[in-house]
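Summary of the model geometry
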Amino acid sequence: KLDNFPKDFLWGASSAAYQIEGAANEDGKGPSIWDKYTHEKGNTYKDTNGDVAIDHYHHYKEDVELMAKMGLKAYRFSVAWSRIIPDGKGKVNPKGIEFYHNLIKDLRDHNIEPVLTMYHWDLPLNLQEKYQGWESRETIKAFRKYAQVLYREFGDEVKYWVTINEQNVFTSMGYRWGTHPPKKHDIKAMFLANHHVNIANALVVKDFHQMVPDGLIGPSFGYGPVYPKTCDPNDVLAALNAQDFNDNWWLDVYCRGKYPFFTKKQLTDLGIMPEVTAEDQKILEDPEAYPDYLGINYYHGGTVQQNRLEKQVDDQKDERKFNKVDPYLMQPKGDKAQNPEVPMFNNVENQYVDKTKWGWEIDPTGMRIALREIYEKYQLPIMITENGLGALDIVKDGKINDTYRINYLKDHVKAMKEAITDGVDLIGYCAWSFTDLLSWLNGYSKRYGFVYVDQNDNENGSLKRIPKASFSWYKQVIASDGND
Ligand code: BGP
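Overview of the structure. This is a predicted model, so every value here is computed, not measured. (Residues numbered from 1 in each chain as written. Predicted model: local features only at pLDDT ≥ 70, side-chain atom pairs only at ≥ 80, totals over all residues. Heavy atoms only, no water.)

1. Considerations on the packing of helix α3 (residues 56–70) against helix α5 (residues 94–109)
Direction vectors running N to C along α3 and α5 enclose 10 degrees, while the axes themselves pass 10 Å from each other. With respect to α5, the element α3 is oriented roughly parallel. Facing α3, whose interface residues are H56, Y57, Y60, K61, V64 and M67, α5 presents K95, F99, N102, L103, D106 and L107. When its residues are assigned to classes, the contact of α3 with α5 shows 7 nonpolar, 2 polar and 3 charged. (Axes fitted to C-alpha atoms, helices over the stretch in contact; angles between N-to-C directions. Helix = DSSP H or I, 4+ residues; strand = E, 2+ residues; numbered from the N terminus. Parallel < 35°, antiparallel > 145°, perpendicular 65-115°, else oblique. Contact = heavy atoms within 4.5 Å. Nonpolar A, V, L, I, M, F, W, Y, C, P; charged D, E, K, R; others polar.)

Rendered as structure tokens:
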């Protein structure tokens, strides 16, 4: 028998500023790296941008009204840094502060718990152009100042805070694969920027504990379990390597203040391990800088096998020529970017799970595995801060019958229920996403929302909100504490 979800379980939904707000140049907002990136030709699907997005900035009351109608208990949103501090490090913009006060008040008036993300990738452009963004320690200072402004302004109103969204994703995409700003193909820069984000994260968590003693704070990390392709011990070893490289590399630093030894050694051997000063180590290892809970974004896991490239070369007795070309520094394009060859493991397909139209594996059991692994290792409460299905929804007779999304979410709710029964301390679930919104690279056609937004390719749509079938389903889930 499965236990019901706890009574105070935070049934929620998520969003992020750049993906919904629009009003890109209004009320004193400064530009972010995403404003620039989406305006350069060829960077996103059909060159879509977030200038208008779903215009949540002007429609927030209507959106909160819909959340209340659904019975939502929590709403995760992000603050646009450049709305608060337009150039990232100077003057505070009162209009920006006012917007989020209004939003939070509206949520509270409807008994919806705000979950505030401080950084969901939209770095103020000035910090990138003047200081090289996260590659510079100036950005650490600027982030700390920004965080302190948020704590002072919203510390009394918001209990749940998220520092950084998917640090693993934005550093890899931005610096290694070049598919997000700043569009670099430089793995050394990636690990350096990543180290700086770690320092920034630790410092603001520590400040938070002093400034907002009653709140709870943690990062949102994009986690997927890693499966070995076979029970060949070499594949199992490759899976261990991949877990270290994909997951522990971040979570160990957040929760233990240490980089895991194995990957650290690999990076050091390749000459791409950033310098960690004694002062840095002290900051990272300060227990006051450890999170109170972990936000986990779960979409899918991954499957790996031992590095066949190395093996092939071995087989051909080719003096391992391949190793002389540093595989870490290869810059694969297209498909290969999704399936990089690194010496520690190779990514392969999992034949046991279905996939979405965009090739994302659908693996609810993986969510239970993820929750168990993370809870076992770090012993912290967990909130699922993202999970959902991207699909091409069709409007028929004014309705959106997204049964595929309902099935997807139902299976994941069941997996959470099982994880709770297993003993995991799971405190909430914020499905991605409440409304349809801008998918970073896929424009507006890849939809995730419970609420359809008539986008009609960005600028010309009516932006009319239409609750989908999944809206009524989730409403029922919430009302029945997880039984639908
Ligand atoms: C996560 C991001 C979200 C959201 C989601 C879906 O990585 O944190 O912001 O975009 O993925 O991704 P996509 O829109 O690429 O399908």
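2. Points about the sheet that holds strand β2 (residues 74–78)
Ordered in space as β1-β2-β3-β4-β5-β7-β13-β14, the 8 strands form a closed barrel in which the pairing is parallel. On average, adjacent strands in this sheet sit at an angle of 25 degrees to one another, irrespective of strand direction. With 3 bridges connecting them, strand β1 (residues 10–14) and β2 associate as parallel partners. From the neighbouring strand, G12 faces β2, where its bridge partner is A74. Running over the sheet, helix α10 (residues 233–256) touches β5 (216–222) and β7 (294–297) and is turned about 170 degrees from β5. (Pairing = 2+ DSSP bridges.)

3. Some details on the pairing of strand β4 (residues 160–165)
Counted residue by residue, β4 has 6 buried out of 6 residues, so it is predominantly covered. Sheet analysis places β4 next to β5, joined by 4 bridges and oriented parallel. Each residue of the ladder has a partner; that of N165, found in β5, is S220. (Buried < 20%, exposed > 50% of the residue type's maximum accessible area, 1.4 Å probe, protein only.)

4. Some points on the packing of α10 against helix α15 (residues 364–378)
Relative to each other, α10 and α15 sit at 40 degrees, their axes nearing to 11 Å. Classified by the angle between their axes, α10 and α15 sit oblique to one another. α15 is crossed by α10, and the crossing has right-handed handedness. Judged by residue contacts, Q243, N248, L251, D252, C255 and R256 of α10 engage E373, I374, K377 and Y378 from α15. Tallied by class, residues from the contact of α10 with α15 come to 4 nonpolar, 2 polar and 4 charged. (Left-handed = near helix turned anticlockwise from the far one by under 90°.)

5. Topic: the site of the ligand
Every one of the 15 residues lining the ligand counts as a neighbour, but Q19, E166, S439, K446 and Y448 are closest to it. Separating an oxygen atom of the ligand from a side-chain N or O atom of N165 is a distance of 2.9 Å. Residue E386 places a side-chain N or O atom 2.9 Å away from an oxygen atom belonging to the ligand. (Near = heavy atom within 4 Å. Polar contact = N/O pair within 3.5 Å; in protein donor to acceptor, adjacent residues only side chain to side chain.)

6. Examining the nonpolar core
Judged by nonpolar contacts, the single largest core of 136 residues is most densely connected at M118, W134, M416 and F434. When residues of this core are assigned to their parent elements, the largest contribution, 13 residues, is made by helix α9 (residues 187–211). Residues A74, V115, Y160 and V162 belong to the second largest nonpolar core, which totals 8 residues. (Core = buried A, V, L, I, M, F, W, Y, C linked by side-chain atoms within 4.5 Å.)

7. Focus on the state of the cysteines
For the coordinates displayed, the defined rule picks out 0 disulfides. Its sulfur unpaired, C255 is 19 Å from the next cysteine sulfur, which belongs to C430. Among the residues examined, C255 registers a relative accessible area of 13% and is labelled buried. Classification of C430 as buried rests on a relative accessible area of 0%. (Disulfide = S-S within 2.5 Å.)

8. Here's the deal with the side chain of N93
Tracing the backbone through its elements, the reader meets N93 in the loop between α4 (81–84) and α5. Looking at N93, the relative accessible area reads 9%, which means it is buried.

9. Let's talk about the pattern of salt bridges
Following the criterion strictly, the structure yields 31 salt bridges and no others. Among the salt bridges present, the one from D280 reaches R137, with a minimum N-O distance of 2.9 Å. With D280 in helix α12 (residues 278–285) and R137 in helix α7 (residues 137–154), this pair connects stretches of sequence that are 143 residues apart. With relative accessibility at 2%, the residue D280 sits in the buried group. Salt bridges linked by common partners bring D393, D402, R405, D436, R447 and K468 together as one network. (Salt bridge = Lys/Arg side-chain N within 4 Å of Asp/Glu carboxyl O.)

10. What about the pairing of β1?
Extensive coverage of β1 is indicated by the burial of 5 of its 5 residues. Note: β1 against strand β14 (residues 426–432), 5 bridges, orientation parallel. If you follow W11 over to β14, its bridge partner there is Y429.

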